[in-house]
Each structure stands twice: as C-alpha cells, then as structure tokens.
2 protein chains.
Amino acid sequence: MASAFETKATIATFGGKLLKLSHRSNATQTPMDVNLYLPPASNDRKVPVLIFLSGLTCTPNNCSEKGFFHAAASKAGLAVLYPDTSPRGADLPGEKDSWDFGEGAGFYVNATAEPWKKHYNMETYVTQELPEAVFGAYGDKLDRSRVSITGHSMGGHGALTLFLKNPGMYRSVSALAPICNPSQCPWGEKAFGGYFGQDGDGKALWAGSDATELVRAKLKSGDKLPCLIDVGTGDNFYNQKQLLPENFEKAVKETGVEGVTVRYQPDYDHSYFFISSFAEDHVQHAAKYLL
Amino acid sequence: MASAFETKATIATFGGKLLKLSHRSNATQTPMDVNLYLPPASNDRKVPVLIFLSGLTCTPNNCSEKGFFHAAASKAGLAVLYPDTSPRGADLPGEKDSWDFGEGAGFYVNATAEPWKKHYNMETYVTQELPEAVFGAYGDKLDRSRVSITGHSMGGHGALTLFLKNPGMYRSVSALAPICNPSQCPWGEKAFGGYFGQDGDGKALWAGSDATELVRAKLKSGDKLPCLIDVGTGDNFYNQKQLLPENFEKAVKETGVEGVTVRYQPDYDHSYFFISSFAEDHVQHAAKYLL
C-alpha cells in the first residue's frame, strides 16, 4: 500500500486546481510524483477521472504545463490524473544511460527481468496502487466508477494496453501518437527486451503487452473498442516506424472490432504542440463515456 | 534595417503554424529570435496581429509553448507575434549576472546609460524594426493596420507603456500580472536605474517609461483606454508589491480615464498556469478591437 500523499503545490488554473502530489509506492519501491487536476467544484457532485499517461522522458509536469487538457477538462467537469513515466531514484546500473529505457521510460509494464523487476512495476502502480491511493485520498471529489485513460507516445501504448488488459476498468481509451506495436519497433524491442528478456520465456511475454497483439488476442468480431487515436503525418517517429498505427488499424480491421477511429493529422509533429492541439478532442471523447 | 528572417522551425499547431524566426536587428546590434503564430488561412484575408511581450527571463518560446494563446487566436483568426525579452549575446559586463536585469530583462525601453545603450533598445526594436520586418516578410498574410498588444509581468509593463507612448499604433492593450509602476518597485528601480541612471538626467527619464506616470501625463478625463488587466491574488510578486496595479488603478480613477478593467483573480499565481487560464479572455479583448 502506498503512503499518504504529500501535497507539494496547489496551483489555480482554468478555474480548478492542479495538485502536485508525491507518495511512496510499494509497487515501485520508490517515491512517485503524480499530478491531479481537479476541475471547478459544482454542486458537490463527484467528477469522473481521465488518466493521462505521458511519453518517454516526461514527468507529470510536462503535460500539466503544455498539454492544455485543463481548458477542456474544466468545461467538461473531469479530473485529470498524471502519473510519472517510471520509478525514479531506484539507482539501478544503467538506469539513466538511455532516454528511451530505464528512468523516464517504464512503458507501463511490470518487468520480469533482472535488475528491473524489483522497481519497474508501472502496470501495477497505474492500474492498482495509484487509483487506490487517489480514490482513497480524494474519494469525496472523484468518482472511482467513472475512469477513462489516454496518453501520448509510450503513454499512448500504456493507455491502449492497460485498457485492453483490464476489461471494465476504463470506460474509454484514446491516444496521441501512440506506440501501437512495440514488438515490431526499435523502442519497443529495446524496452521489452530489457524488461522481459530478449528470448525464451521473456520474449514470450512481449505479445501480452503489445496493443496490436492484444487486439488480436482479446477481441473478436463485433466487439466495441471505444478508441480515438490521432497521429501527425509530420511526426518523425511515425515516419521512422516507431508508432505503427497502421499495424493496429490492420488488427482492428482483420479482427472485425468496431468503434475505433484513427485520424492522421496533416503536418503535425510528435510534440506538445500536437498534443495540445487535440487535447480538447480527447477530453470530449472521454466525456462521451464518462458523463 | 533588420536582416531577412531565417525560419528555424515551422510547427503545425491549433490548425495554424507557429514559425520560429531569427533575424539580425539593427536596433540591438544582435541576432533576435521571434515567434509568429499564423492562424488557419481563411479566404485569403489578411489577419490582424496581437503582439505578446513576455516577462523576465523568457524567450519567445515560453509563451508559445505554455500560454495557449493559439487555441483562441486560431478560432478568432488572429496572428500572435512573440518578440524576445532582450538582446542576447551582446557580451556586456554583468549582462548575465541577474535574472531581473540585462539578458532576458530588457524592459522594452531604449537604454540611455552606458554600457547598455548600444544594444538595449527594445522599444525601438518592438515598435519599429520588428513590425517593419514582419509586415515586410508576411505582408500577404498580416494586416499592419490592425495590431493590438498584450504581455505578462515585465511584458505587461511593456504593453501598457508602448500603447500609451504611441497613440494610434495599437488598437487595444491588455496585460497579465503587469508591472504597473516600475518607478516604485524593486524590479523597476533596478532596471530603470541601470538602463537610464540612478539620478539626475537619467532618473528624470523614469516617468516617461512608467505606465502609471504615463496615464497621468498623457491622458485626461474622459479619454478611453481600451485596457484589460488580470492579476492573481496568489501571485507572490503582486503580494511583494512588484506589480502595483492599485497604483495604476488610482491614476486611472484620478485622471478620469474610461474603459479600463482590472480584475483580481482569486488564488492565481504569476506563472503560465495563470497566463494560460486567461489567454482566451485577452485574445477576445483584442479581437473586439481588431475584427
């Protein structure tokens, strides 16, 4: 069980409050920072929660400052929860050597390989420990029965996979420039090779945390996947085949899954200039299922 | 005359394009970065321009990334122009010793004291050289007859003073947490003491670049000042009497000037969390006079 939250800052913004919180996680055995945006209070009703999973290198602050979710969340009456992207300060060998592996790059999985498995348990943290802590501390303001999930890049992978692995946990999913088929791209091969293993039993685990493979394994024709994906056509990582939304689309089509919208936005890049431009759409997508 | 713009980046955002530009300035004798947001093109009409002057330490990028003017500017059909806050790279002694004087702290004045007067001519740069360069290069897209000005903190001071000093140049003015009476606050005393001088002829110049003094000197009863000011009550710098909007309000009231709205926003701080929350209001204030 996580420790109680320490409130490091309370910031007025868009009519609500952004709380910068920290607590000690049992899943990661480290302190974890998390930001929580509470929209303006209205009629003492509990508000639903949209979880935003950030991309490689980010902390909870990047999207809080540059993602522009609060403008739309304030209007819709949603809270937004920003977990960190990995444990920090675990002090493992090589943990800080790469920007796309280790610290800032937890990939929202539970590592099974040494030395990562003691701390790199972001899946348990995001799906179990963090919600327990947040709904425990803010249960008077937040409705734990209404939660959706979204994310960017590595966090888009996190949103898609955690949604697909946990039926009923989230009411909808969306993603901005998500990694869609990590087993087939350099970022994913490095991360899954490290956290699960390069071959044998480790390699066998990759498909279980791969959004495209999960569509094929978990869904069948006619199943509804309430999913919005945006990708910029000027996104270098998309063009370098790190994201592979086309593979996800193919799996959706071949499986006969319904409800998925994938949009290619002309010229947009991978940055927060892209995220912020479509934040309102992703809040409204979630709001359709939460309100 | 400034050199031609070099385009360092073109970024799709909120349906328009953010251009990161650089040119060599004659007024400052240095290269100057400037950002220009162009809203989505519509019917080949030229769009008006809102100039945003940034606060201490900022470059054109801070507000471009965190101010969220583009969401509202895109809807209204305004361009937004972000000058830098000072010359950079002039290599003057002590230029980088303080965060509130020298580099990043040009205060939008023309320095008269040594060693600053050769380079620190931000007033000429913002009011003359930059508009000439921008309307020269983008005259097919921008309407030079429709320009308004806004800004934050030191940039709010810049917006208020440049508006008051240059009747007819801008159609409206607004400011977020502006320094309003620099002659009476530590930031202003340091800046004006350095750029103009601590006494004698130098000190005599302070009032000519002080927004509160300019209201008293330039305006008379019944004059209209199309001005919106927002200040957060949780702003440390407001509470430390660096901003002094109350002095500006007093000058407006005692002079009998009309059209000024000063709003105190409960709990908001001095940061971009505050700026972004009210960016839409400041775009709409400008749009009333520009569209």
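Computed from a prediction, not measured in an experiment: that's the story for all the values here. (Residues numbered from 1 in each chain as written. Chains lettered and ligands numbered in written order. Predicted model: local features only at pLDDT ≥ 70, side-chain atom pairs only at ≥ 80, totals over all residues. Heavy atoms only, no water.)

## Thoughts on the packing of aromatic side chains
Reasoning step 1: As enumerated under the stated definition, the model contains 39 aromatic pairs over all chains in all.
Reasoning step 2: Plain terms: the ring middles of Trp99(A) and Trp187(A) are 6.0 Å apart, the flat faces sit at 90° to each other, and that makes the pair edge-to-face. Placement of the pair is Trp99(A) in the loop between β5 (79-83) and α3 (122-137) and Trp187(A) in helix α5 (residues 186-195), with a sequence separation of 88 residues.
Reasoning step 3: The class of Trp187(A) is buried, set by a relative accessible area of 3%.
Reasoning step 4: Members of the aromatic cluster, each reached through a chain of ring pairs, are Phe14(A), Phe68(A), Phe14(B) and Phe68(B).
Reasoning step 5: Directly above the ring of Trp206(A) sits Lys203(A), whose terminal nitrogen or CZ lies 4.6 Å from the centroid. (Phe/Tyr/Trp six-rings, centres within 6.5 Å; stacked < 30°, edge-to-face > 60°. Helix = DSSP H or I, 4+ residues; strand = E, 2+ residues; numbered from the N terminus. Buried < 20%, exposed > 50% of the residue type's maximum accessible area, 1.4 Å probe, protein only. Lys NZ or Arg CZ within 6 Å of the ring centre and 35° of its normal.)

## Focus on the pairing of β5(A)
Residues and elements named next belong to chain A.
Reasoning step 1: Within β5, five of the five residues are buried, which leaves it mostly tucked inside the rest of the structure.
Reasoning step 2: When strand β3 (residues 30-38) meets β5, the two strands line up antiparallel, connected through four bridges. By the bridge assignment, Asn35 is partnered in β5 with Tyr82.
Reasoning step 3: Bridge analysis of strand β4 (residues 47-53) against β5 gives three bridges, and the strand direction is parallel. If you follow Leu50 over to β5, its bridge partner there is Val80. (Pairing = 2+ DSSP bridges.)

## Side note on the interface of chain A and chain B
Reasoning step 1: Between chain A and chain B, the residue contacts involve 21 residues of the former and 21 residues of the latter.
Reasoning step 2: Buried area between chain A and chain B, summed over both chains or domains, comes out near 1,800 Å², and the portion from carbon and sulfur atoms is 61%.
Reasoning step 3: Our count for the contact surface shared by chain A and chain B stands at four salt bridges.
Reasoning step 4: Here Asp267(B) makes a salt bridge to Lys17(A), at a shortest N to O gap of 2.9 Å.
Reasoning step 5: Summed over the shared surface of chain A and chain B, the number is twelve residue pairs in polar contact (both at pLDDT 80 or more).
Reasoning step 6: Elements supplying a minimum of two residues to the side of chain A that touches chain B: β1 (6-13), β2 (16-25), α1 (60-66) and α10 (272-290) of chain A.
Reasoning step 7: At four residues, α10(A) tops the list of elements feeding residues into the side of chain A that touches chain B. (Contact = heavy atoms within 4.5 Å. Buried area = accessible area lost by both parts, 1.4 Å probe. Salt bridge = Lys/Arg side-chain N within 4 Å of Asp/Glu carboxyl O. Polar contact = N/O pair within 3.5 Å; in protein donor to acceptor, adjacent residues only side chain to side chain.)

## Points about the environment of Gly67(A)
Reasoning step 1: The residue Gly67(A) is located in the loop between α1 and α2 (69-76) in this model.
Reasoning step 2: The sequence separation of Gly67(A) and Leu50(A) amounts to 17 residues, and the corresponding C-alpha distance is 13 Å.
Reasoning step 3: Every residue in contact with Gly67(A), bar those within four places of it in the chain, is listed here: Asn62(A), Tyr272(A), Ile275(A), Ser276(A), Ala279(A) and Phe68(B).

## Some details on the relation of the copies chain A and chain B
Reasoning step 1: In screw terms, the move from chain A to chain B is a rotation of 180° and a rise of 0.0 Å along the axis, fitting with an RMSD of 0.0 Å. Taken together, the rotation angle and the small translation identify this as a two-fold axis. No C-alpha of chain A approaches the rotation axis more nearly than that of Lys66(A), which lies at 2.7 Å.
Reasoning step 2: With an isologous cut-off of 70% or more, the 95% of interface residues of chain A that recur at the interface of chain B puts this contact in the isologous class. (Least-squares fit on C-alpha atoms with pLDDT ≥ 70 in both.)

## Here we look at the pattern of salt bridges
Between side chains of opposite charge, a pair can form as their charged atoms come close.
Residues and elements named next belong to chain A.
Reasoning step 1: All told, the structure shown has 34 salt bridges over all chains when counted by the stated rule.
Reasoning step 2: The residue Glu103 makes a salt bridge to Lys96 at a minimum N-O spacing of 3.7 Å.
Reasoning step 3: A residue is classified by how much of its surface remains accessible, and Glu103, at 17% relative accessible area, is buried.
Reasoning step 4: Judged by its relative accessible area of 63%, Lys96 falls in the exposed class.
Reasoning step 5: A salt bridge links Lys220 to Asp223; the shortest N-O distance between them is 3.2 Å.
Reasoning step 6: Here Lys220 falls in the exposed class, since its relative accessible area comes to 54%.
Reasoning step 7: Each of the salt bridges in this network shares a partner with another, and the network as a whole consists of Arg216, Lys250 and Glu254.

## Focus: unusual backbone geometry
Reasoning step 1: A cis amide bond links Glu114(A) to the next residue, Pro115(A), at an omega of -5°.
Reasoning step 2: Within the element layout of this structure, Pro115(A) appears in the loop between β5 and α3.
Reasoning step 3: Here Asp91(B), not a glycine, exhibits a phi torsion of approximately 65°, which is positive.
Reasoning step 4: Secondary-structure assignment places Asp91(B) in the loop between β5 (79-83) and α3 (122-137).

## A closer look at the layout of surface pockets
Reasoning step 1: Each pocket or cavity is described by its volume, and for the largest pocket that value is around 470 Å³.
Reasoning step 2: Lining the largest pocket we find 27 residues, and of these Phe68(A), Ala71(A), Lys75(A), Lys75(B) and Glu280(B) sit closest to its centre.
Reasoning step 3: Sorting the residues of the lining of the largest pocket by element identifies α2 and α10 of chain A together with α2 (69-76) and α10 (272-290) of chain B as the ones contributing at least two each. (1 Å grid on protein atoms, 1.4 Å probe; cavity = no way out; pocket = protein on both sides within 12 Å on 5 of 7 lines; lining within 4 Å. Points joined across faces, edges and corners; volume = space filled by probe spheres on them.)

## Some words on the environment of Asp91(B)
Reasoning step 1: Residue classification places Asp91(B) among the exposed positions, given a relative accessible area of 70%.
Reasoning step 2: Each C-alpha atom, one on Asp91(B) and one on His119(B), is 9.9 Å from the other, the two residues being 28 residues apart in sequence.

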